[in-house]
Amino acid sequence: MKVNRGHVRRLCLTPAQCAVLDKQGHAARAMWNLLHAWWTWGGRNRRPSLKQADEAVRQARKDIAWLADLPAQAAQQVLKTYVRA
């Protein structure tokens, strides 16, 4: 029998690390809101495919400087979570 154990650790972040995480959090929330606006804009019949949405996220990260603060994996996770929701 395998026993799973969880480990809890407290983060002791520097002010610079806090600022980076804060920027990433704001960028993730803004990406969610932008995805929602784009997804619901055309109605149910004109929703983009997952591939189109992924390409749009990649292009948005290139075009919008503050959105590029969010790492690519985190941006794709926001997209996956949004589509699943």
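Look up: the structure comes first, before these words.
Residues numbered from 1 in each chain as written. Predicted model: local features only at pLDDT ≥ 70, side-chain atom pairs only at ≥ 80, totals over all residues. Heavy atoms only, no water.

## A look at the packing of aromatic side chains
Part 1: As enumerated under the stated definition, the model contains two aromatic pairs in all.
Part 2: Here the aromatic rings of Trp 32 and Tyr 82 are separated by 4.9 Å at their centres, their planes lie at 80°, and the arrangement is edge-to-face. Residue Trp 32 is located in helix α1 (residues 15-41), and its partner Tyr 82 is located in helix α3 (residues 72-84); the two are separated by 50 residues in the primary sequence.
Part 3: Classification of Tyr 82 by relative accessible area gives buried; the value is 10%.
Part 4: Note on Trp 39 and Tyr 82: the rings are 5.9 Å apart at their centroids and 75° apart in plane angle, and the pair reads as edge-to-face. Residue Trp 39 is found in helix α1, and its partner Tyr 82 is found in helix α3; the two are separated by 43 residues along the sequence. You'll find Trp 39 and Tyr 82 in the same group, each marked buried. (Phe/Tyr/Trp six-rings, centres within 6.5 Å; stacked < 30°, edge-to-face > 60°. Helix = DSSP H or I, 4+ residues; strand = E, 2+ residues; numbered from the N terminus. Buried < 20%, exposed > 50% of the residue type's maximum accessible area, 1.4 Å probe, protein only.)

## Observations regarding the packing of α1 against helix α2 (residues 50-63)
The relative placement of two packed helices is expressed as an angle between their axes plus a distance between the axes.
Part 1: Between α1 and α2, the shortest axis-to-axis distance is 12 Å and the interhelical angle comes to 135°. The angle between α1 and α2 falls in the class oblique. Considering the relative orientation of α1 and α2, their crossing is right-handed. Of the residues in α2, those touching α1 at Met 31, Leu 35, Trp 38 and Trp 39 are Gln 52, Ala 53, Ala 56, Val 57 and Arg 61. (Axes fitted to C-alpha atoms, helices over the stretch in contact; angles between N-to-C directions. Parallel < 35°, antiparallel > 145°, perpendicular 65-115°, else oblique. Left-handed = near helix turned anticlockwise from the far one by under 90°. Contact = heavy atoms within 4.5 Å.)

## A look at a nonpolar patch on the surface
Part 1: The grouping of Leu 11, Leu 13 and Leu 21 at the surface amounts to a nonpolar patch, some 290 Å² of accessible area in total.
Part 2: Along the polypeptide, Leu 13 turns up in the segment before α1. (Patch = residues over 30% accessible without salt bridge, like charges linked within 9 Å, V, L, I, M, F, W, Y side chains within 5 Å. Areas by Shrake-Rupley, 256 points an atom, 1.4 Å probe, with all protein chains shown as cover. Salt bridge = Lys/Arg side-chain N within 4 Å of Asp/Glu carboxyl O.)

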